[in-house]
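So you can see what is in the structure, the chains are spelled out below.
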Amino acid sequence: MRKFYITTPIYYVNDRPHIGHAYATFSADTIARYHRLIGEPTMFLTGTDENAEKNVESATAAGETDVQHYIDRMSALWQVTWDELGISNDDFIRTTEERHLRGVEKFWQAVEQSGDIYKGQYEGLYCIGCEAFYRESDLTPEGLCPLHKRKPELVKEENYFFRVSKYKDALLRYHNEHPTFAAPASRRQEVLRYITDHLEDVSISRTAKGWGIPVPGDASQVIYVWFDALINYLTAVGYGTDDETFAKWWPADMHLVGKDIIKFHCALWPAMLLSAGLPLPAQVFAHGFFTISEEKISKSLGNAIDPRDLVETYGVDALRYFLLREIPFGGDGDFSIERLAGRYDSDLASGLGNYVSRILALTKGVEMLTVGNDLKVVFDETWKSYHRHFAANEPGRVLEVIWQVLKEGDRYIDECAPWALKKDAEKTDELAVVLGTLIESLRQLAWLLTPFMPETAMKIFTSLGWQDELKRSLTEASVWGAQTHGPVVATTDPLFPRLTA
RNA sequence: CGGGGGGUAGAGCAGUCUGGCAGCUCGCGAGGCCCAUAACCUCGAGGUCGCGGGUUCGAAUCCCGCCCCCCCAACCA
C-alpha cells in the first residue's frame, strides 16, 4: 500500500509562532489529513531546530543561564501552539534529541565515507546575530552588519566542507527526470539556475563554542546548523536508530517549505542524500509568503500575529479555511483581519453555517426521510474534482468546488420549497425525499470538509447523530446515499455565529 | 548586476500552458422567497484584460518592444 510522509520545516526555537508559521503548518496538516482520509498510512512531521549557536545568546538575553532549559521552554511553546491549533502531527522532532544526534552522526560518517567531506580554510567577516559571513560590500558604511548594526568579527578558521559541486550533474539530471521535484513549477527555474551557476562546496562546521552537535571524531568543531537541521527528516523516522521504521517511511513524499529555503531543499539536501547513498524525496513544495495588511511580516515591524489570538475570535476552522482558501498555494498573498472577517461572514456564517442550520430546522420533527438522487450527480462530480485538485496541490481549488456544491444545495432547497411541502398533507412522500436528500448532502459535505475543517465536520456529524461516521472508509462513505442508519437530528448551535453585532 | 512573480469591473482574485461569446467572491441596484445565522434564490449595472505593434478568420491568452509594482538575492513561514 502507498504511504505518505510529509514534513514542515523545523522552526527556529528562538522565534515565537506567528501566523506565517501557522499557515505552513495548517497547509501540511490539511494535506496530511487528506491522505489519511483516502486511506494512506500517513506520517506528518514537524519540530524545532535547536542547535543554532545563536541560541546561547538568545538564552542569555532571555535571562536564562541554562541554555538547554531555555530551549526546552521555547520548544514547548511550539508544541503547545500546535496542540491548541489542533494540528495532527504524528511526531515532533527536536534536533537536540538523542535519536537525532545518533542519526546525524551516522549521516556524517556516510558522507565522509563517500569522500565528500574535506578540511578547508574559511575566512570572513562573521556576524553572530545572522550566523552568516558578510562581504565588505554588504556592510553598512560604518562597517556594521546591516541587520544587527553590530561589528562583525574577522573569523579565520579551518572548517569541514561538503563537496556539493561533485553532485551538480546528478542534481540536474534528477530535476530533469523528476520535473515536479521542485514545486510549484514557478520555482523550478530559480532552483535550476542556482545549481547551474552558484553551486559551490559549502562549509558544514564551525569552531565549537559550547553549543551544537560535535563533528564525529573532532570535538573541536560542531556541525553547522543547517546541515544537521535538514537531517531531521531522516532521524524522525528512524534513520540511525530504527531501520524498520525508516524503511517504512523514507523517502519523504513531500517537504513543505517556505520559498526562502527552497534552494537548500532542492539543491543541497538532495546532494547530501546522494552522498549518503539514500533515496531522494518525491517533492519539495514551496508555499508563498503573505503580507499583513500589505506589510511584510517582520520582527522589526513587530506586526507578527499570534494565531491563537485569531482563533479566540474566529475559531481554528475559520482560520484554516481562510488561509487555505484565500492564499493561492505556492503563491503569495495578503492577510488582514478585514478579509478574514469578510470570509467568515460570507462563506462561513451565511454560506456553510446557514446551510446546515436551515436543513436541520426543516428536518426537525420529520420522521420519514428517503435519500433521492437529485444531488447525486453534483456530489459525484465534486468528489472527482476534489481528488484532482488535491493531487495538483491546489487546496484552494478544492474549497472552491466544495462551495460550489453548497450553492447547488441552497438552490435545490429554494426550488423544492420543503416548507411548502410540509404544509401539504398530500406531499409527505415528496417531502421525505427532499429532506432525505438534503440530509445526505450534509453528510457528504462534512466528509468533503474533513481535511480542512475537522472540528466543523465533526460538529455536523454530531448534529446528525452520526458520531461514528468518520470510522468508515472514504470509499464506502463517499457513495451517494450510503447512510448506515437513519438520521437522529439534534438541534445545534450555529456553526459560525455572526460576529457583526 | 542576476533570478523569480505580477498588472483582468469599486475591492480581492481566476482564466494565459492547450487562442474561440471575459468569469468568480465581496460590494452595489431590482425582484422573488420566507425554512434558515438581516440568511437563501433569480436578474441587472459595472471591464479600452498595463501600453504599443505583430501573427491569426479570431488574442486577456501566442510573438516582439515598452511602462509600472512586488519578491528572492540579504532577518522572516
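Per an unreviewed UniProt entry, chain A goes by the name Methionine--tRNA ligase. Taken directly from UniProt, the Subunit (unreviewed entry) text for chain A runs: "Monomer." Reading the Catalytic activity (unreviewed entry) entry of the UniProt record for chain A gives the comment "tRNA(Met) + L-methionine + ATP = L-methionyl-tRNA(Met) + AMP + diphosphate".

**Q** I keep staring at the packing of aromatic side chains and nothing clicks. Help me out?
**A** If you walk through the whole model with that rule in mind, you get 32 aromatic pairs. Between W108 and Y160 the ring centres are 5.8 Å apart and the planes differ by 85°, which places this aromatic pair in the edge-to-face class. One end of the pair, W108, is in helix α4 (residues 98–113); the other, Y160, is in strand β6 (residues 153–162), and 52 residues separate them in sequence. Both residues of the pair, W108 and Y160, count as buried.

**Q** Sorry, what's going on with the UniProt feature "short sequence motif: 'HIGH' region" (unreviewed entry) in chain A here?
**A** The feature "short sequence motif: 'HIGH' region" (unreviewed entry), as given by UniProt, occupies residues 11–21 in the numbering adopted here. Strand forms 18% of residues 11–21 and helix 27%; the C-alpha atoms that close the span are 8 Å apart.

**Q** Explain the pattern of salt bridges here, please?
**A** Pairing between side chains of opposite charge can happen when the charged atoms of each approach one another. Throughout the structure, instances matching the rule amount to 30 salt bridges. R325 is the partner of D347 in a salt bridge, and the nearest nitrogen-oxygen pair spans 3.9 Å. Here D347 is found in helix α13 (residues 337–363), whereas its partner R325 is found in helix α12 (residues 316–326), with 22 residues between them in sequence. The salt bridge partner of R472 is E469, with a shortest N-O separation of 3.1 Å. Judged by its relative accessible area of 13%, R472 is buried. Under the relative-accessibility criterion, E469 is labelled buried at 2%.

**Q** Mind showing me how you'd approach helix α15 (residues 395–416) here?
**A** Since there are 3.6 residues in each turn of an α-helix, residues three or four apart along the chain are aligned in direction. With 22 residues, α15 extends 32 Å between its outermost C-alpha atoms, agreeing within 8% with the 32 Å of an ideal straight helix rising 1.5 Å per residue. At the exit of α15 stands A417, carrying a positive phi of roughly 45°.

**Q** Got a minute to help me understand the pairing of strand β2 (residues 42–49) in this structure?
**A** Working note: regular strand, side chains alternate between the two faces of the sheet. Most of β2 sits inside the fold, with eight of its eight residues counted as buried. Direction of pairing for strand β1 (residues 4–12) relative to β2: parallel, over a ladder of seven bridges. In the strand pairing of β2, Y5 is matched with M43. Handedness of the crossover joining β1 and β2 through helix α1 (residues 19–37): right-handed. Bridging between β2 and strand β3 (residues 91–94) involves four bridges; their strand directions are parallel. Residue pairing for β3: T48 is matched across the bridge by R94.

**Q** Help me out: how do you make sense of the sheet that holds strand β10 (residues 214–215) in this one?
**A** Two strands in a sheet stick together by hydrogen bonds in their backbones, pointing the same way (parallel) or opposite ways (antiparallel). A sheet is described by the order of its strands in space; here three strands give the open sequence β9-β11-β10, paired in antiparallel fashion. Looking along the sheet, the strands with just one partner apiece sit at the ends: β9 (205–207) and β10. Here β9 pairs with strand β11 (residues 218–223) via three bridges, running antiparallel. Within β11, the position partnered with S205 by the bridge is I223.

**Q** Looking at this structure, I do not really get the packing of helix α6 (residues 185–198) against helix α10 (residues 262–275). What am I missing?
**A** Packed helices, taken two at a time, are described by their axes: the angle between them and the distance between them. Relative orientation of the contacting elements α6 and α10 amounts to 50°, with a least axis distance of 10 Å. Taken together, α6 and α10 sit at an angle that is classed as oblique. Crossing angle aside, the handedness with which α6 passes α10 is right-handed. Only I262, K263, C266, A267 and L268 of α10 make contact with α6, whose side of the interface consists of R187, E190, V191, Y194 and I195.

**Q** Would you mind going over the layout of surface pockets with me for this structure?
**A** Here the idea is plain: a probe the size of a water molecule rolls over the atoms and shows the empty space left. Estimated volume of the second largest pocket: approximately 320 Å³. Residue lining of the second largest pocket: 15 residues in total, with R2, F4, H35, F390 and A391 positioned closest to the centre. For the lining of the second largest pocket, the elements supplying multiple residues, two or more each, are α1 and α14 (376–391). Among the elements that line the lining of the second largest pocket, the one with the most residues is α1, at three residues. In the lining of the second largest pocket, the residues fall into eight nonpolar, four polar and three charged.

**Q** Could you clarify how one ought to interpret unusual backbone geometry in this entry?
**A** Trans peptide bonds make up the majority, and among non-glycine residues the majority have a negative phi. Going from A183 to P184, the amide bond is cis rather than trans, its omega being -5°. Residue position: P184 is located in the loop between β7 (182–183) and α6. For the peptide bond that leads from W250 to P251, omega is 5°, which places it in the cis range. Within the element layout of this structure, P251 appears in the loop between α9 (243–249) and β12 (254–258). Phi at N393 is positive, roughly 55°, even though this residue is not glycine.

Cut-off values and rules
Residues numbered from 1 in each chain as written. Chains lettered and ligands numbered in written order. Predicted model: local features only at pLDDT ≥ 70, side-chain atom pairs only at ≥ 80, totals over all residues. Heavy atoms only, no water. UniProt positions renumbered as here; feature names shortened; annotations may be inferred. Phe/Tyr/Trp six-rings, centres within 6.5 Å; stacked < 30°, edge-to-face > 60°. Helix = DSSP H or I, 4+ residues; strand = E, 2+ residues; numbered from the N terminus. Buried < 20%, exposed > 50% of the residue type's maximum accessible area, 1.4 Å probe, protein only. Salt bridge = Lys/Arg side-chain N within 4 Å of Asp/Glu carboxyl O. Expected span 1.5 Å × (residues − 1). Pairing = 2+ DSSP bridges. Right-handed = clockwise from strand over helix to strand, strands pointing away. Axes fitted to C-alpha atoms, helices over the stretch in contact; angles between N-to-C directions. Parallel < 35°, antiparallel > 145°, perpendicular 65-115°, else oblique. Left-handed = near helix turned anticlockwise from the far one by under 90°. Contact = heavy atoms within 4.5 Å. 1 Å grid on protein atoms, 1.4 Å probe; cavity = no way out; pocket = protein on both sides within 12 Å on 5 of 7 lines; lining within 4 Å. Points joined across faces, edges and corners; volume = space filled by probe spheres on them. Nonpolar A, V, L, I, M, F, W, Y, C, P; charged D, E, K, R; others polar.

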